[in-house]
Amino acid sequence: MTRTTRLVILLVAVLLLGGVGTGAVLYAAHRSGMRDQQQANGPTVRTGTVSLRPTADRRLLVRNLAWGPHRDEIATVPADDPQGPRTASGVKCLRFHAAAGTGICLQAVHGTLRDTYRAVVLDSHLHELHRFPAAGIPTRARVSPSGHLVAWTVFVSGDSYAGTNFSTRTAIVDTRTWKIDDNLETFRVIKDGRTYRAADTNIWGVTFADDTRFYATLATGGKTYLVRGDVGARTLTTLHRNVECPSLSPDGTRIAYKKRVKGASPDAPWRLYVLNLHTMKETATAEHRNIDDQALWADNSTLVYALPGDYGSDLWTVPADGTGTDRRLMTSAVAPAYLG
Amino acid sequence: MYLADSRSTKAAVAPDTRPGRRPAAVPGTVLALGAVSLITDVSSEMVTAVLPLYVVAGLGLSPLGFGLLDGINNGVGALVRLAGGHLADRGGRRHKVVAGLGYGLSALCKPLLLLAHTLPVLSGVLAVDRTGKGLRTAPRDAMISLATRPEHRGRAFGVHRAMDTTGALLGPLVAFAVLRATVDGYDAVFAVSGCVAVLGVLVLVLFVPRRIEPAGAVQLPEPDRPALRDSLGLLRRPELRRLTVCAALLGLTTVSDSFLYLLLQREGDLRADLFPLLPLGTAAFFLLLAVPLGALADRVSRRRLFLAGHGVLLLGYGLVLSPWHGIPAVVAVLVLHGTFYAATDGVLAAATAGAVPAQHQGAGQALVGTGQAMARFTCSLAFGAAWSLWDGRTALAVTAAALAVSALAASFVLRPADEASPAEVSA
């Protein structure tokens, strides 16, 4: 082969491969353009005012995933009519939670070099009070019942070849002082009554009991633990094994969580369980599918959680005591929070 | 060293050493291999950059425990690397074929990513991708050694590593440009990455010669087919044995990048959002310094520079442990870390090339590289255990002390035979 032949082959290949690549980009761009069109048979979404202030009627706030101009915005529906028309707020969040007039909104910031993320604390009018940079991809967010503390978890990935090492980073902010605990891994871990240190600790999924105590998941040595955290003492104490993404019931007696069950397929390992904190007795819920969400208590006896759906994700509900059956609450929604 | 250099230059009556003409220190083959690495790294780093986002946001999965297979991957990776080096030496130097297989295998994995929607399948595809990388590394380095005159190998490897790192820095930029243009079109990122990977293979096929005649003073007799025994028997050569032992010894005390960044963040109380920029800092200084330090290695001794590089790393550890914190301190550590890579990565390959005869270049590169990789993996396990036992700071202090001892031992081991002249080695 002469030099010219080789250069011609290279040129043809560049054109051909460039064509394939451009085609793939154009196709994907067209497809994402479709998502801005109102979807057929989708829920009605209209613009309106969304407030986090407690009102007489109970409301459910979600990140709206229905196709159309309000996709990804925080929207509200009456708690007793979740399939009804949605009121969109104009505020876009990847993850969201709210309580007592305080909201936490985890957002992506699309830069030219890379995506960055931030955690934004919102007041009752969904106006920004304070923002914090976040180290990775948002996954969980919670506000304490009083609205004073907020917590979030992001995924951080190492930049090693093929970057398969993921870790989490969880932060807690006191909205009265704006003091931030950037990384809960710096808290003292008390495992089986003794101080425990490890490089591989990961903490995620904070759920608040009050303005001092919280629960979360601690992972180390390939195992997960339910830990009770103390913001003042800066400690994490292990309570129970095999608990991920805990969610404390409003009466503070039980933890809903995802449990890694034996015999499940490795790509669908989790089931929704409830742990009684007094008796440490575990109860399986009637939801038998794989759950990968931090469940939410609608009241002291009902759980709400997200499952993959046609437009990303749907919200489902199941009784917390193991009875009944699972039921779809609303389509095209994720990151729920009840207000009022 | 100066003597050895001038002797070999005199012995080689090559046209490009005539006065008035700049010697072609970096042959076309090395530039072609550098281009292949650059293109391939753009492709693979595109995937790396968006993979976490794809898993969490695209697929909606929790990726913890995703790295669980890393240990197995490391072990298999080491075996594949040895096999790649050995196979490449067999049958009259099939370096290009084996390297091509490796690049091809990785290219094949990119479209497969489009079909992987669960973590186990995704891990599998990534493992195959890594196998491709393991397979191609030793033959590629062997081709660089063979194509370059011995006295210029440091610079040649420096140029290759700089091109490689350039690709690694460009990949994420391309990936996010595609992601921006398509609004979360991860499939488009994988498709473009696949096209780029195919282009890399094509550049290899078209522009890297099938047989690379050793550049240098001595022409070899037609090589025999080295058997597995011969490849492993390379360790009987005192020079290669010393180099392998030292690379492994120093590898045992080299803290993995992720641990170092973790410590840097915790000790320096670095803002969380700056954390993802740490690897970019190291890569940038590696890129800047790879060529000058490679050239320096050719002039002074490669072994000495390799040792000096570890001295720089030791300084970096000291800085992490020191009370000096803040952004300037972090930047200083990244400069030292990047310098360490620039002074050791390509330089070790160049030193290895000088310690093995031409027909064993593949196996030689594989032995030293694998020894170093396995040692670093062992260090990671030990470091994690030490962190649990004491704490991160103490673990680093102990490792730093061990690195000082290792470096001292290595300087003693490497002292008696400073770089041999090419004539001695290839004879």
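As annotated in an unreviewed UniProt entry, chain B carries the name MFS transporter and comes from Streptomyces coacervatus. Reading the Subcellular location (unreviewed entry) entry of the UniProt record for chain B gives the comment "Cell membrane".

For chain A, an unreviewed UniProt entry supplies the name PD40 domain-containing protein and the organism Streptomyces coacervatus.

A count of helical and extended segments in chain A gives one helix and 27 strands. At 22 Å, chain A has a C-alpha radius of gyration in line with the 20 Å of a compact globule built from 340 residues. Principal-axis analysis of the C-alpha atoms gives chain A an extent of 80 × 50 × 45 Å. A burial count over chain A gives 45% of its 340 residues as buried. Restricting to contacts in chain A with at least 6 residues of sequence separation, those with at least 24 account for 45%.

This next bit is on the sheet that holds strand β4 (residues 86-92) of chain A. Residue and element names in this part refer to chain A. Ordered by their spatial adjacency, five strands build an open sheet running β1-β4-β3-β2-β27, and the pairing between neighbours is mixed. The open sheet has two edge strands with one neighbour each: β1 (45-47) and β27 (333-339). Neighbour to neighbour, the strand axes of the sheet diverge by 35° on average, direction disregarded. Here β1 runs beside β4; their pairing, made up of three bridges, is parallel. Bridge pairing in β4 links Val45 to Arg86.

Residues and elements named next belong to chain A. Looking at the secondary structure, you find Leu226 in strand β17 (residues 223-230). Distance in space between the C-alpha atoms of Leu226 and Thr102 is 26 Å, their sequence separation being 124 residues. Ignoring any residue separated from it by four or fewer positions in sequence, one finds Leu226 in contact with Tyr215, Thr217, Leu239, His240, Val243, Pro246 and Ile255.

Quick look at the sheet that holds strand β7 (residues 115-122) of chain A now. Residue and element names in this part refer to chain A. Spatial ordering of the open sheet is given by β5-β6-β7-β8, a layout of four strands whose pairing is antiparallel. At either margin of the open sheet sits one strand with a lone partner, and together these are β5 (95-99) and β8 (128-134). Here the strands of the sheet are splayed against their neighbours by 20° on average, with no regard to which way each runs. Pairing of β5 with strand β6 (residues 102-110), which is carried by five bridges, proceeds in the antiparallel orientation. Within the sheet, the bridge partner assigned to Ala98 lies in β6 and is Gly103.

Further remarks concern the UniProt feature "transmembrane region" (unreviewed entry) in chain B. All names here are of chain B. Taking the numbering used here, the UniProt-annotated feature "transmembrane region" (unreviewed entry) corresponds to residues 162-182, 188-208, 243-262, 274-293, 305-324 and 396-414. Annotation note: span residues 188-208, helix share 95%, strand share 0%, distance between end C-alpha atoms 30 Å. With 100% helix and 0% strand, residues 396-414 has its two end C-alpha atoms placed 26 Å apart.

The next point concerns the pairing of strand β9 (residues 137-143) of chain A. Residue and element names in this part refer to chain A. Most of β9 sits inside the fold, with seven of its seven residues counted as buried. Two elements, β9 and strand β10 (residues 149-157), share six bridges in a ladder whose sense is antiparallel. Paired with Ile137 across the strands is Phe155, a residue of β10. Linking β9 back to β10 in an antiparallel pair, the connection comprises five residues, with Gly147 at a positive phi of about 85°.

Let's shift gears to the nonpolar core. Among the nonpolar cores identified, the biggest contains 226 residues, and Phe96 and Trp152 of chain A together with Val50, Val189 and Val192 of chain B are the most heavily contacted of them. Of all the elements, helix α2 (residues 28-58) of chain B adds the most residues to this core, at 16 residues. Taken domain by domain, the makeup of this core includes at least three residues from each of domain 1 (25-214) and domain 2 (234-427) of chain B. Residues in contact with Trp152 of chain A, not counting those within four places in the same chain, are Ile104, Leu106, Ala119, Ala134, Pro138, Arg140, Ala141 and Ala171 of chain A.

With that settled, consider the interface of chain A and chain B. Counting residues at the interface gives 50 residues for chain A and 56 residues for chain B. Residue assignment for the side of chain A that touches chain B shows that the elements contributing at least two residues are α1 (3-34), β7, β8, β9, β10 and β11 (166-174) of chain A. Per-element tally for the side of chain A that touches chain B: the top contributor is α1 of chain A, with 13 residues. In the side of chain A that touches chain B, the residues fall into 25 nonpolar, 15 polar and ten charged.

In this section: the packing of α1 of chain A against helix α7 (residues 186-207) of chain B. Close contact between α1 of chain A and α7 of chain B brings their axes to 8 Å; oriented N to C, the two are set at 175°. As summarised for this structure, α1 of chain A and α7 of chain B are arranged roughly antiparallel, according to the angle between their axes. Together, Arg6, Ile9, Leu10, Ala13, Val14, Leu17, Val20, Gly21, Ala24, Val25 and Ala28 of chain A of α1 of chain A and Asp187, Ala188, Ala191, Val192, Cys195, Val198, Leu199, Leu202, Leu206 and Phe207 of chain B of α7 of chain B make up the contact between the two elements. Of the residues that constitute the contact of α1 of chain A with α7 of chain B, the class distribution is 18 nonpolar, one polar and two charged.

Moving on to the domain arrangement of chain B. Residue and element names in this part refer to chain B. Parsing chain B into structural domains produces domain 1 (25-214) and domain 2 (234-427). Here the C-alpha centroids of domain 1 and domain 2 sit 22 Å apart. Across the contact, 35 residues belong to domain 1 and 32 residues belong to domain 2. Secondary structure elements with two or more residues in the side of domain 1 that touches domain 2: α3 (70-93), α5 (119-147) and α6 (153-182). In terms of residue count, the dominant contributor to the side of domain 1 that touches domain 2 is α6 (13 residues). Broken down by class, the residue content of the side of domain 1 that touches domain 2 amounts to 14 nonpolar, 13 polar and eight charged.

Let us now look at the confidence of the model for chain B. All names here are of chain B. Averaged over every residue, the pLDDT of chain B is 84; residues scoring 70 or more account for 85%. Overall, residues 65-69 carries pLDDT values under 50, and its contacts beyond four positions in sequence, including any with other chains, amount to nine contacts. Taken together, the stretch residues 418-427 has pLDDT below 50 and engages in 33 contacts with residues farther than four places along the chain or on a different chain.

Here we come to the packing of helix α12 (residues 302-321) of chain B against helix α13 (residues 327-353) of chain B. All names here are of chain B. Between α12 and α13, whose axes approach to 8 Å, the crossing angle comes to 160°. Taken together, the axes of α12 and α13 lie roughly antiparallel to each other. Viewed along their axes, α12 and α13 form a crossing whose handedness is left-handed. Split by residue class, the contact of α12 with α13 holds 18 nonpolar, six polar and two charged.

About the thresholds
Residues numbered from 1 in each chain as written. Chains lettered and ligands numbered in written order. Predicted model: local features only at pLDDT ≥ 70, side-chain atom pairs only at ≥ 80, totals over all residues. UniProt positions renumbered as here; feature names shortened; annotations may be inferred. Helix = DSSP H or I, 4+ residues; strand = E, 2+ residues; numbered from the N terminus. Rg over C-alpha atoms; globule rule 2.2 N^0.38 Å. Buried ≥ 20, exposed ≤ 12 C-beta atoms within 10 Å, placed from the backbone. Contact = placed C-beta atoms within 7 Å. Pairing = 2+ DSSP bridges. Axes fitted to C-alpha atoms, helices over the stretch in contact; angles between N-to-C directions. Core = buried A, V, L, I, M, F, W, Y, C linked by C-beta atoms within 7 Å. Domains from an automatic or database assignment. Nonpolar A, V, L, I, M, F, W, Y, C, P; charged D, E, K, R; others polar. Parallel < 35°, antiparallel > 145°, perpendicular 65-115°, else oblique. pLDDT = per-residue confidence, 0-100. Left-handed = near helix turned anticlockwise from the far one by under 90°.

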